[in-house]
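Commentary on secondary and tertiary structure
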Amino acid sequence: MVRGAPSDDLDNGGEDERSRDFVRSLERGLAIIRVFNADRPSMTVSEIAHEAGLTRAAVRRFLLTLSELGYVHARNNRYELTPQVLELGYSYLSALSFPDIALPTLEKLVAQTSEASEGSILDRGDVVYVVRVPGPALMTISVNVGARRPAHSTAMGRVLLANLPAPDLEHYLSTYELTPSTPRTITDHKEFRAELRKVREEGYALVNQELEEGLVAVAVPVRDRMGRARAAINLSTHIGRKSVEEMRALVPVVQEAAAEIELGLSHSLNWAD
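Keep in mind the model is a prediction, meaning the values are calculated, not measured.

**Points about the overall build of the protein chain**
Assigned secondary structure in the protein chain consists of 10 helices and 9 strands. A total of 273 residues make up the protein chain; the buried ones form 43% of that total. Within the protein chain, contacts between residues separated by at least 24 positions form 58% of all contacts whose residues are at least 6 apart in sequence. For the protein chain, the accessible surface area stands at approximately 14600 Å², while carbon and sulfur atoms represent 53% of it.

**Observations regarding the pattern of salt bridges**
Pairing between side chains of opposite charge can happen when their charged atoms approach one another. All chains considered together, the criterion is met by 17 salt bridges. Notably, a salt bridge pairs Arg-158 with Glu-195, separated by 3.9 Å at the nearest N-O pair. In this pair, Arg-158 is assigned in helix α6 (residues 155-162) and Glu-195 in helix α8 (residues 189-202), connecting sequence segments 37 residues apart. Note on Arg-158: relative accessible area 0%, which makes it buried.

**Quick notes on the environment of Asp-224**
Along the polypeptide, Asp-224 turns up in the loop between β8 (215-223) and β9 (229-238). Each C-alpha atom of the pair Asp-224 and Leu-265 lies 7.5 Å from the other, and the pair is 41 residues apart in sequence. Reaching out from Asp-224, the side chain makes a polar contact with the backbone nitrogen of Met-226 at a distance of 2.9 Å. A distance of 3.0 Å separates a polar atom in the side chain of Asp-224 from a polar atom in the side chain of Arg-230.

**Comments concerning the pairing of β9**
Judged by how many residues are buried, β9 sits mostly within the fold: 7 of 10 residues are covered. Pairing between strand β4 (residues 117-123) and β9: 2 bridges, direction antiparallel. Counterpart to Ser-120 in the pairing with β9 is Ala-232. Where β8 lies against β9, 9 bridges are found, and the strand directions are antiparallel. Across the sheet, Pro-221 pairs through a bridge with Ala-232, a residue of β9. In this structure, the hairpin formed by β8 and β9 is closed by a connection of 5 residues, where Gly-227 is found at a positive phi of approximately 85°.

**Remarks on the sheet that holds strand β2 (residues 72-75)**
The 3 strands lie next to each other as β1-β3-β2, forming an open sheet whose pairing is antiparallel. The open sheet terminates on both sides in strands that have one partner only, identified here as β1 (42-43) and β2. One ladder, built from 4 bridges, connects β2 with strand β3 (residues 78-81); its direction is antiparallel. Among the inter-strand pairings, Arg-75 is bridged to a residue of β3, identified as Arg-78.

**Some details on the packing of helix α5 (residues 98-113) against helix α10 (residues 251-265)**
α10 packs onto α5 with a crossing angle of 155° between their chain directions and a minimal axis gap of 9 Å. Taken together, the axis directions place α5 and α10 in an arrangement best described as roughly antiparallel. As α5 runs across α10, the sense of the crossing is right-handed. Contacts between α5 and α10 pair Phe-98, Ile-101, Ala-102, Thr-105, Leu-106, Lys-108, Leu-109, Gln-112 and Thr-113 from the former with Val-253, Val-254, Ala-257, Glu-260, Ile-261, Gly-264 and Leu-265 from the latter. The residue inventory of the contact of α5 with α10, partitioned by class, reads 10 nonpolar, 4 polar and 2 charged.

**Re unusual backbone geometry**
It is generally the case that most residues other than glycine have a negative phi and that most peptide bonds are trans. Despite not being glycine, Asn-76 shows a phi value in the positive range, around 50°. As for its placement among the helices and strands, Asn-76 is situated in the loop between β2 and β3. Phi at Ser-114 takes a positive value of approximately 65°, unusual for a residue other than glycine. Of note, Ser-114 is situated in the loop between α5 and β4. For Ser-114, a relative accessible area of 33% corresponds to the partly exposed category.

**Overview of the side chain of Lys-242**
For Lys-242, the location among the structural elements is in the loop between β9 and α9 (244-248). Of note is the side chain of Lys-242, whose polar atom sits 2.7 Å from the side chain of Glu-115. The residues contacting Lys-242, other than those within four sequence positions of it, are Thr-113, Glu-115, Thr-237, Met-247 and Leu-250.

**Looking at the nonpolar core**
Counting residues in each nonpolar core, the largest one holds 29 residues, and the members touching the most others are Phe-98, Val-222, Ile-233 and Ile-261. When residues of this core are traced back to their parent elements, those giving at least two are α5, β5 (126-133), β8, β9, α9 and α10. In terms of nonpolar packing, the next biggest core, distinct from the first, is built from 27 residues, Ala-162, Tyr-172, Tyr-176 and Val-199 among them.

**With respect to α6**
The element α6 is largely enclosed, with a buried count of 8 among its 8 residues. Of the residues making up α6, those classed as buried are Ala-155, Met-156, Gly-157, Arg-158, Val-159, Leu-160, Leu-161 and Ala-162. Sitting at the amino-terminal end of α6 is Thr-154, which places a side-chain oxygen 2.9 Å from the backbone nitrogen of Gly-157.

Conventions we followed
- Residues numbered from 1 in each chain as written.
- Predicted model: local features only at pLDDT ≥ 70, side-chain atom pairs only at ≥ 80, totals over all residues.
- Heavy atoms only, no water.
- Helix = DSSP H or I, 4+ residues; strand = E, 2+ residues; numbered from the N terminus.
- Buried < 20%, exposed > 50% of the residue type's maximum accessible area, 1.4 Å probe, protein only.
- Contact = heavy atoms within 4.5 Å.
- Areas by Shrake-Rupley, 256 points an atom, 1.4 Å probe, with all protein chains shown as cover.
- Salt bridge = Lys/Arg side-chain N within 4 Å of Asp/Glu carboxyl O.
- Polar contact = N/O pair within 3.5 Å; in protein donor to acceptor, adjacent residues only side chain to side chain.
- Pairing = 2+ DSSP bridges.
- Axes fitted to C-alpha atoms, helices over the stretch in contact; angles between N-to-C directions.
- Parallel < 35°, antiparallel > 145°, perpendicular 65-115°, else oblique.
- Left-handed = near helix turned anticlockwise from the far one by under 90°.
- Nonpolar A, V, L, I, M, F, W, Y, C, P; charged D, E, K, R; others polar.
- Core = buried A, V, L, I, M, F, W, Y, C linked by side-chain atoms within 4.5 Å.

Listed below in structure tokens is the structure:
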């Protein structure tokens, strides 16, 4: 959870440390869109107000506007997002190039290993899945393109966090809570820093049932020409299918896939800055 939820005033107020041109109303509207997720696909006005840190009256006004614009839909006094919200991120994902270039490589990786593979980017305290190829076996975790998961409890998130510049990592650690997804999730800051150092030194992350019971994943970074980790790819499976050591043995295969993706992205203008 991000500390310091915004207050409920709708104008700039004159006392904000942000720019005088900062539009609080836009911030509030986007905050309402972001409170919806896989665990909360539909909510009442009261629930939205609680999650967004706004009053019920303010939420009603924003929901009316979002409804008229086609981004939310009301049903039985509960609100849910409409497919139109996908437009907000489609242009960015299309320009990123990574999903299109990574997809055929991940398809080969899945065919080779018989396990699911995903690709993600880091966005604030979460990883956002931007490409996914399911494996032949059914998995308990439900992940679709566009889904968000806490970075600290995912293998891809740890790879990306471990490769952040030191100031950015400190900002992350001071802003986001290391909340437990399972009893195995690392929540101690000292232990988590040590884990990130290990990931940085070894070049990969392995997460054993810290995001979901039974789920094991290995991940490696995908770097641009400057060596910066801009995305990550993984292999994920159930502990009943492969042991932790069997997944660790697949790291070189995942690294080969990442190198192939990096080659494909080497001439992308979006990865050249």
